[in-house]
Amino acid sequence: MAIERRREGGGGGRPLPEENGSVPGAVGGGAAAPPGPPPANAAGAEIQALPVPPPAAACSPLLLDYDGSVLPFLGGLSGRYQRTLVLLTWVPALVIGFSKFSDSFLLDQPDFWCREADGQGNWSGTLAPIHANHSGNGSIFTPPGLPTPAGGNASECGCREWHYRIRAGLVQNVVSKWDLVCDSAWKVHIAKFSLLVGLIFGHLITGCIADWVGRRPVLLFSVIFILIFGLTVALSVNVTMFSTLRFFEGFCLAGIVLSLYALRIELCPPGHRFMITMVASFIEMAGQFLMPGLAALCRDWQVLQAVIICPFLLMLFYWVIFPESLRWLMATQQFEASKELILQLTHKNRMSTESDIKGVVPELEKEITRRPKKVCIVKVVGTRNLWKNIVVLCVNSLTGYGIHHCFAKSMMGHEAKMAITHNFYADYYTMAGIALASCLAMCPVVGFLGRRGGLLLFMILTALASLLQLGLLNLIGKYSQLPDSGMSDSVKDKFSVAFSIVGMFSSHAVGSLSVFFCAEITPTVIRGGGLGLVLASAGFGRLTAPIMELHNQKGYFLHHVIFACCTLICIICILLLPESKNQHLPENIPDGEHYTRQPLLPHKKGEQPLLLTNSELKDYSGLHDSAAVSDGISENTTANGMK
């Protein structure tokens, strides 16, 4: 029959359409013959051929090159409207700084002593018979003029009335409100857990939602709910209600932090991303420095909590002022909304569409019927390089923030003899000053060495400070016990403080730079999820502080040793990362896969580079198709083509 002969022919005629209307491709890679008249069957009836759908064309590369075509067309940061949007991402950083460091004041363990009543109801201050505790769980304070009893046991901690001396500028805080001392001191650490755990879950969940529905809805809904939960925290009737509401407050705060971070990165051209991010960090630190003054003005913890949350009311106007991220709309192929936003931006900046030299708007009109293509962070599991980069930066973030607590306890003293001061404000501003110095040092270092070089330098400093503190101090302590050594314990304490300051300085830079680095190398379509992972890792690192305090610093040395080993692993892994300085942000997962690492030092003239550049990478995506074609070759054909 004619149909059978056409099947037996080696591609000489047009093959029969299948049931779904698709046409199988020729084995030899040749073009298919032009469609002819429909064949007739044996009975003479015509076979109706189904229409063949056109292949899905790839999106225009002009629209996917946001930094190279769309952003220059809109004027970059020279546009007035873009500068206004960047400013709007900076303003909430001050209130975010208040919220992040509120635990230092709301849950500060005050000095306390018991007040006992005589038979006539007159109160006289007497010291509870408990030894002083300087491990972060508060301290039994002896008021002036009161005698210190010789002894007693801890069972007498059950006092009916406590008197407190709060060091954080407040007359009353959460600890003094519900007497969270002695047997109830563990509830303070649970309250600290609640905010950090809320931040961790919030970063993970809101990051995925931001990739699916957009940055703007996540920001606005997070603002609404933080107003609800944050103001309700001030009305808590017990510590259980306080801890539960603080969890949800941290969850919503994570959504605000993540969405603003992503919007800030996606608004900026390549040369300004780091500077814009660092300005936001400095504003957040301004909130940290102003927090003691704000607490002194409020005097009561409930008033302080309300004052911290109420400024978020102003962010409700962001629903009208702040648009969705144009970069995210373009990357997810929502071209209709992208066109409307581009026209809005050109109108706000008083620009004319005639300046569109590359033809972005005409290309948008051609692709406007394309369906949106959104991606979840789970897709990163199937990549070759991208998931490794994200995991390396997550481990760096965890190590940086985790070991920061080890250095802080060494400097402030997990034992009374190692403390440099017992003044709350001195300790607080010392920590804040080291963080400020770290951010100031990051600016020239990252500008000169790049993201990867700066991260490597700060991680090396962290590892050296940690190893010297663990090893050299033990050696000094051993020699100081010799009678002729001339060393004393004060020498060991001074070295400990010096290494701790260097370690806190560098570890803070490691944590901050890891978050920024991850935001740059993660593609736009999954940037929310990538940021959520690295910020959640930072939260796990911060979580080690209340865990150690809950266990009364037991296992402190092992904790430090583990993180010191992690710094050595991170130094090796950082060398595997690409360099994103002055590079375009990757918009989709293939762009993120093509981010290749470069040597730290440029190769010499005439020297063959060992690492390929992006232009030298070959596309191996057709290997599976070639394998499928080779399977169709006759089995009696040998590997060299001979039968």
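Residues numbered from 1 in each chain as written. Predicted model: local features only at pLDDT ≥ 70, side-chain atom pairs only at ≥ 80, totals over all residues. Heavy atoms only, no water.

The name given to the protein in an unreviewed UniProt entry is Solute carrier family 22 member 23, with Zonotrichia albicollis as the source organism. The annotation that UniProt attaches to the protein under Subcellular location (unreviewed entry) is "Membrane". (UniProt positions renumbered as here; feature names shortened; annotations may be inferred.)

Engineer: How would you summarise the overall build of the protein if you had to cite specific residues and measurements?
Structural biologist: Along the protein, the regular secondary structure elements total 23 helices and four strands. Expressed as a percentage of the 643 residues in the protein, the buried residues total 47%. Counting only contacts in the protein whose residues sit at least 6 apart along the sequence, the fraction spanning at least 24 positions is 79%. Accessible surface, the protein as shown: approximately 32100 Å² in total, 63% of it carbon and sulfur. (Helix = DSSP H or I, 4+ residues; strand = E, 2+ residues; numbered from the N terminus. Buried < 20%, exposed > 50% of the residue type's maximum accessible area, 1.4 Å probe, protein only. Contact = heavy atoms within 4.5 Å. Areas by Shrake-Rupley, 256 points an atom, 1.4 Å probe, with all protein chains shown as cover.)

Engineer: How would you explain the side chain of serine 507 if you had to name every residue and give the values?
Structural biologist: Mapped onto the secondary structure, serine 507 falls in helix H19 (residues 489–521). For serine 507, a relative accessible area of 1% gives the class buried. Within the local environment of serine 507, its side chain forms a polar contact with the backbone oxygen of methionine 504, the two atoms lying 3.3 Å apart. Not counting chain neighbours up to four residues away, the residues in contact with serine 507 comprise Gly400, Ile403, His404, Phe407 and Thr462. (Polar contact = N/O pair within 3.5 Å; in protein donor to acceptor, adjacent residues only side chain to side chain.)

Engineer: Give me the packing of aromatic side chains: which residues, what numbers.
Structural biologist: Within this structure, the stated rule accounts for 15 aromatic pairs. With 5.0 Å between their ring centres and 20° between their planes, phenylalanine 229 and phenylalanine 248 make a pair best called stacked. Of this pair, phenylalanine 229 sits in helix H9 (residues 215–233) while phenylalanine 248 sits in helix H10 (residues 239–267), and the two are 19 residues apart along the sequence. An angle of 15° between the planes, with centres 5.8 Å apart, marks the rings of tyrosine 318 and phenylalanine 322 as stacked. The exposure class of phenylalanine 322 is buried, given its relative accessible area of 3%. Within the aromatic cluster, the residues linked to one another by ring pairs are Phe105, Phe289, Phe424, Tyr425, Tyr428 and Tyr429. The ring of tryptophan 319 has arginine 216 lying over it, and the distance from NZ or CZ to the ring centre is 4.2 Å. Here arginine 542 stacks its cationic end above the ring of tyrosine 401, 4.3 Å away from the centre of that ring. (Phe/Tyr/Trp six-rings, centres within 6.5 Å; stacked < 30°, edge-to-face > 60°. Lys NZ or Arg CZ within 6 Å of the ring centre and 35° of its normal.)

Engineer: Lay out a nonpolar patch on the surface in plain terms, naming residues and giving numbers.
Structural biologist: Taken together, Phe201, Leu204, Ile205, Ile209, Trp212, Val213 and Leu533 make up a surface patch of nonpolar side chains, about 580 Å² in accessible area. Locating phenylalanine 201 in the fold gives a position in helix H8 (residues 186–213). (Patch = residues over 30% accessible without salt bridge, like charges linked within 9 Å, V, L, I, M, F, W, Y side chains within 5 Å. Salt bridge = Lys/Arg side-chain N within 4 Å of Asp/Glu carboxyl O.)

Engineer: Explain helix H17 (residues 386–412) to me, using residue names and the numbers behind them.
Structural biologist: Turn by turn, an α-helix covers 3.6 residues, leaving residues three or four places apart pointing in a common direction. Its 27 residues give H17 an end-to-end C-alpha distance of 40 Å, which sits within 8% of 39 Å, the value for a rise of 1.5 Å per residue. For H17, a buried count of 22 out of 27 residues is recorded, marking the element as mostly surrounded by other parts of the structure. (Expected span 1.5 Å × (residues − 1).)

Engineer: So what's going on with the confidence of the model for the protein? Which residues, and what values?
Structural biologist: Per-residue confidence for the protein averages 76 on the pLDDT scale, and 70% of its residues sit at or above 70. Below pLDDT 50 for its whole length, residues 1–55 participates in 30 contacts with residues either more than four positions away or in separate chains. Between residues 414–421, whose pLDDT stays under 50, and residues either more than four places distant or in other chains, the model counts 20 contacts. (pLDDT = per-residue confidence, 0-100.)

Engineer: Any details on the packing of H8 against H9? Residues and values, ideally.
Structural biologist: Relative to each other, H8 and H9 sit at 130°, their axes nearing to 7 Å. As summarised for this structure, H8 and H9 are arranged oblique, according to the angle between their axes. When H8 is examined against H9, the residues Thr206, Ile209, Ala210, Asp211 and Val213 are found in contact with a partner set consisting of Arg215, Pro217 and Val218. Taken together, the residues of the contact of H8 with H9 sort by class into five nonpolar, one polar and two charged. (Axes fitted to C-alpha atoms, helices over the stretch in contact; angles between N-to-C directions. Parallel < 35°, antiparallel > 145°, perpendicular 65-115°, else oblique. Nonpolar A, V, L, I, M, F, W, Y, C, P; charged D, E, K, R; others polar.)

Engineer: Help me get a handle on the pattern of salt bridges, residues and values and all.
Structural biologist: Evaluation of the coordinates by the stated rule reveals ten salt bridges. Put simply, glutamate 249 and arginine 246 hold a salt bridge, and the shortest N to O gap is 3.2 Å. Taken together, the residues span about one helical turn, with glutamate 249 and arginine 246 both in helix H10 at a distance of three residues. Residue glutamate 249 is classed as buried on the basis of its relative accessible area of 2%. The class of arginine 246 is buried, set by a relative accessible area of 0%. Between arginine 327 and glutamate 587 there is a salt bridge, and its shortest N-O distance comes to 2.9 Å. Here arginine 327 is found in helix H14 (residues 326–331), whereas its partner glutamate 587 is found in the loop between helix H21 (556–574) and helix H22 (589–593), with 260 residues between them in sequence.

Engineer: If you had to explain unusual backbone geometry to someone new, which residues and values would you point to?
Structural biologist: Positive phi outside glycine occurs at arginine 299, with the angle close to 70°. Relative to the helices and strands, arginine 299 is located in the loop between helix H11 (273–298) and helix H12 (301–309). Unlike most non-glycine residues, asparagine 582 shows phi in positive territory, near 60°. Topologically, asparagine 582 is positioned in the loop between H21 and H22.

Engineer: I'd like a description of the environment of threonine 232, backed by residues and values.
Structural biologist: Looking at the element boundaries, threonine 232 is found in helix H9. On the accessibility criterion, threonine 232 (25% relative accessible area) is partly exposed. Separated by 13 residues in the primary sequence, threonine 232 and leucine 245 have C-alpha atoms spaced 7.3 Å apart. Residues contacting threonine 232, with those up to four places away along its chain left out, are Met241 and Leu245.

Engineer: Outline H8, listing residues and values.
Structural biologist: Across its 28 residues, H8 extends 40 Å between first and last C-alpha, which sits within 8% of the 40 Å expected from 1.5 Å per residue. Of the residues trailing H8, glycine 214 is marked for its positive phi of about 115°.

Engineer: Can you tell me about the environment of valine 218, naming the residues and giving the values?
Structural biologist: Within the secondary structure, valine 218 is located in helix H9. Once residues lying within four places of it in the same chain are set aside, the contact partners of valine 218 are Thr206, Ile209, Ala210, Val213, Gly255 and Ser259.

Engineer: Which residues make up the state of the cysteines, and what values go with them?
Structural biologist: A disulfide bridge is the covalent bond that connects two cysteines by way of their sulfur atoms. By the definition in use, this model includes zero disulfides. A disulfide-free cysteine, cysteine 439 has its sulfur positioned 7.4 Å from the sulfur of cysteine 443, the nearest such atom. (Disulfide = S-S within 2.5 Å.)

Engineer: Describe a positive patch on the surface, listing the residues and the values that go with them.
Structural biologist: Taken together, Arg80, Arg83, Lys348 and Arg350 make up a surface patch of like positive charges. Here arginine 83 lies in helix H4 (residues 80–90). Residue arginine 83 is classed as partly exposed on the basis of its relative accessible area of 45%. (Lys, Arg positive; Asp, Glu negative; His and termini not counted. Charge placed at Lys NZ, Arg CZ, Asp CG, Glu CD.)

Engineer: Residues and numbers for the environment of cysteine 570, please.
Structural biologist: Turning to its location among the elements, cysteine 570 is positioned in helix H21. In this structure, the C-alpha to C-alpha distance between cysteine 570 and leucine 455, residues 115 residues apart in sequence, is 9.9 Å.

Engineer: Got a sec to walk through the side chain of serine 194? Specific residues and values, please.
Structural biologist: On the secondary structure map, serine 194 appears in helix H8. Taking the relative accessible area as the measure of exposure, serine 194 reaches 8% and is therefore buried. Excluding anything up to four places from it in sequence, serine 194 contacts Ser243, Arg246 and Phe247.

Engineer: Please provide a residue-by-residue account of the packing of helix H3 (residues 66–74) against helix H15 (residues 335–348), values included.
Structural biologist: With their axes 9 Å apart at the nearest point, H3 and H15 run at an angle of 40° to one another. When H3 is examined against H15, the residues Val70, Phe73 and Leu74 are found in contact with a partner set consisting of Ile342, Leu345 and Thr346. Residues of the contact of H3 with H15, tallied by class, amount to five nonpolar, one polar and no charged.

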